[in-house]
Amino acid sequence: MSYRYGKFTWFEHVSPDPAKAAQFHGDLFGWKVRSLPMDGGTYEMIANGETGIGGFVREAGPPAHWASWISVPDVDAAYSSALAAGAKPAMPARDFADMGRGATFFDPTGARISVWHGKQGDREDTDDAAVGDWVWNELSTPDPAKAIAFYESVFGYTHQDMDMGEHGMYHVIQTPDGRARGGVMKLPHPDAPPMWMPYVRVENADAIASRVAPLGGRLLMPPSDMAEVGRIGMLVDPMGAALGFIKPAVKA
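A brief structural summary. The structure displayed is predicted, hence computed values, not measured ones.

1. Here we look at the pattern of salt bridges
Once their charged atoms are close, side chains differing in charge can pair, the charge on each being opposite to the other. This structure, assessed with the given rule, holds 13 salt bridges. The salt bridge involving K7 is made with D125; its shortest N-O contact spans 3.2 Å. Here the residue K7 occupies a position in the segment before β1 (8–15), and D125 occupies one in the loop between β8 (112–118) and β9 (134–141), the gap between them amounting to 118 residues. You can call K7 buried: its relative accessible area is 12%. Since its relative accessible area comes to 25%, D125 is described here as partly exposed. Between D133 and R123 there is a salt bridge; the shortest N-O distance is 2.4 Å. Taken as a pair, D133 in the loop between β8 and β9 and R123 in the loop between β8 and β9 lie far apart in primary sequence, 10 residues in all. Connected via shared salt-bridge partners are K7, D125, D127, R179 and R181.

Listed below in structure tokens is the structure:
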């Protein structure tokens, strides 16, 4: 068993209709759902092939979204540190059956984030994620500098700035060993809510884009090429949750 602290290890789709969410994403990405017993009920786990990568969760309160979970050595300490650094509480630290311990809060710029310490360790890092798996996570926020200072304080990240020209400044957060964990950028639209948005690896971004509307979603951004990164698109599913998808660039 091993841990990769600072890694986004799990993603959950949170909405009032998990069944509808599972149908859309299953048809689009080929994901399956496995019902696992938990806390007297069931947990709808997302399986990409034989690998568990996330879950569908029923929650009527907030707008539909993808919840991001970061691996930490001590959930209670991370939660306390986050609140001391300006975060707002959402779910205090608690145990999840025999799976692990987690907590949720809103960072000082308003984005929801969760921390996790699983009893089974964390999945290994790979530079060649399978099609249908997660490859990136991106925070859109009205105040990138404030957000970066918070995540560096709580999780020990460092960051690198990248000038993306017309797209503005992009900030890559990374663990002290230099492993990139995600990106931070200024909200492209002032009225949009701050949020973390994960990206799924796909074989053909244009083919995925062509199926979004027929399945009941809508394109937030049609596929476009980003030098040395890949072909990227964004969608909003039928419940209103945003998600990115990418065909990574071929490495020389």
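2. Points about the pairing of strand β4 (residues 51–58)
By the bridge criterion, 5 bridges tie β1 to β4 in an arrangement that is parallel. Paired with F11 across the two strands is G54, which belongs to β4. Where strand β3 (residues 41–48) meets β4, 5 bridges bridge the pair, whose relative direction is antiparallel. Bridge assignment links A47 to a residue of β4, and that residue is G52.

3. Describing the layout of surface pockets
A water-sized probe, rolled over the atoms, reveals where empty space remains. By volume, the second largest pocket is sized at about 870 Å³. For the second largest pocket, the lining is made up of 34 residues, of which W10, E12, M38, Y43 and W116 are closest to its centre. Of all the elements in the fold, those that place two or more residues in the lining of the second largest pocket are β1, β2 (32–38), β3, β4, β5 (65–71), β6 (88–96) and β8. If one sorts the elements of the lining of the second largest pocket by residue count, β3 sits on top with 5 residues. In the lining of the second largest pocket, the residues fall into 15 nonpolar, 9 polar and 10 charged.

4. Let's talk about the sheet that holds strand β16 (residues 242–248)
Read across the open sheet, the 8 strands follow the order β10-β11-β12-β9-β13-β16-β15-β14; overall the sheet is mixed. The open sheet has two free edges, formed respectively by β10 (158–163) and β14 (218–226), since each of these has just one partner strand. The average undirected angle you get between the axes of adjacent strands in this sheet is 25 degrees. Against the sheet, helix α1 (residues 18–29) engages β13 (195–201), β15 (230–236) and β16, with an angle of about 160 degrees to β15.

5. Some details on the side chain of E12
Within the element layout of this structure, E12 appears in strand β1. Buried charge E12 goes without a salt bridge, the closest partner of opposite sign being R112 at 7.0 Å. Within the local environment of E12, its side chain forms a polar contact with the side chain of W69, the two groups lying 3.1 Å apart. Excluding its chain neighbours within four sequence positions, the residues that come into contact with E12 are Y43, G55, V57, H65, W66, A67 and W69.

6. Concerning the nonpolar core
Ranked by internal contacts, the top residues of the largest apolar core, which has 48 residues, are F29, W31, W66, F105, Y151 and F155. A total of 6 residues in this core trace back to one element, the largest contributor, which is helix α3 (residues 144–155). Ranked by size, the runner-up nonpolar core spans 10 residues in total, among them M45, A67, W69 and W116.

7. Things to note about the sheet that holds β1
Taken in spatial order, the 8 strands of this open sheet run β2-β3-β4-β1-β5-β8-β7-β6, and their pairing is mixed. For this open sheet the edge positions go to β2 and β6, each flanked by a neighbour on one side alone. Averaged over all neighbouring strand pairs, the angle between strand axes comes to 30 degrees, with direction disregarded. The strands touched by α1 are β1, β2, β4 and β5; relative to β4, the strand with the most contacts, the crossing angle is about 140 degrees.

8. Thoughts on the packing of α1 against helix α4 (residues 205–212)
One can describe the packing of α1 onto α4 by two numbers: an axis separation of 10 Å at closest approach and a directional angle of 145 degrees. For α1 against α4, the interelement crossing comes out right-handed. For the pair α1 and α4, the contacting residues are F24, D27, L28 and F29 in the first and I208, R211 and V212 in the second.

About the criteria used
- Residue positions are given per chain, counting from 1 as you read along its sequence in written order.
- Only residues with pLDDT of at least 70 get local features here, since the model is predicted, and only at 80 or more are side-chain atom pairs given and counted; chain-wide, interface and lining totals rely on the full set of residues.
- Working from all heavy atoms in the structure, the side-chain values ignore hydrogens and water.
- Just to be clear on terms, a salt bridge is a Lys or Arg side-chain nitrogen sitting within 4 Å of an Asp or Glu carboxyl oxygen.
- A run of H or I in DSSP counts as a helix once it spans at least four residues, and a run of E counts as a strand once it spans at least two, with each numbered from the N terminus.
- We call a residue buried when its accessible area falls under 20% of the maximum for its residue type, exposed when it is over 50%, and partly exposed in between, using a 1.4 Å probe and counting protein chains only.
- Any two strands between which DSSP finds at least two bridges are classified as paired.
- Residues are said to line a cavity or pocket when one of their atoms sits within 4 Å of a point; the points come from a 1 Å grid over protein atoms alone, cavities being sets where a 1.4 Å probe fits but cannot get out and pockets being open sets with protein on both sides within 12 Å along at least five of seven lines.
- Grid points are joined across faces, edges and corners, and a volume is the space filled by probe spheres set on the points.
- The classification used treats Ala, Val, Leu, Ile, Met, Phe, Trp, Tyr, Cys and Pro as nonpolar, Asp, Glu, Lys and Arg as charged, and all other residues, Gly among them, as polar.
- For helices, the axis comes from a line fit to the C-alpha atoms of the stretch in contact; other axes are also lines fit to C-alpha atoms, and the angle between any two N-to-C directions lies between 0 and 180 degrees.
- By the convention used here, residues are in contact when the closest approach between their heavy atoms is within 4.5 Å.
- Charge counting treats Lys and Arg as positive and Asp and Glu as negative, with His and both chain ends excluded.
- Whenever two N or O atoms come within 3.5 Å, that pair is a polar contact, provided that in protein one can donate a hydrogen and the other can accept it, and provided that, for residues adjacent in sequence, both atoms are side-chain atoms.
- Throughout, nonpolar core names a set of buried Ala, Val, Leu, Ile, Met, Phe, Trp, Tyr and Cys residues whose side chains join them through atoms within 4.5 Å.
- For a crossing to be left-handed, the near helix must be turned anticlockwise from the far one by less than a right angle; the clockwise case is right-handed.

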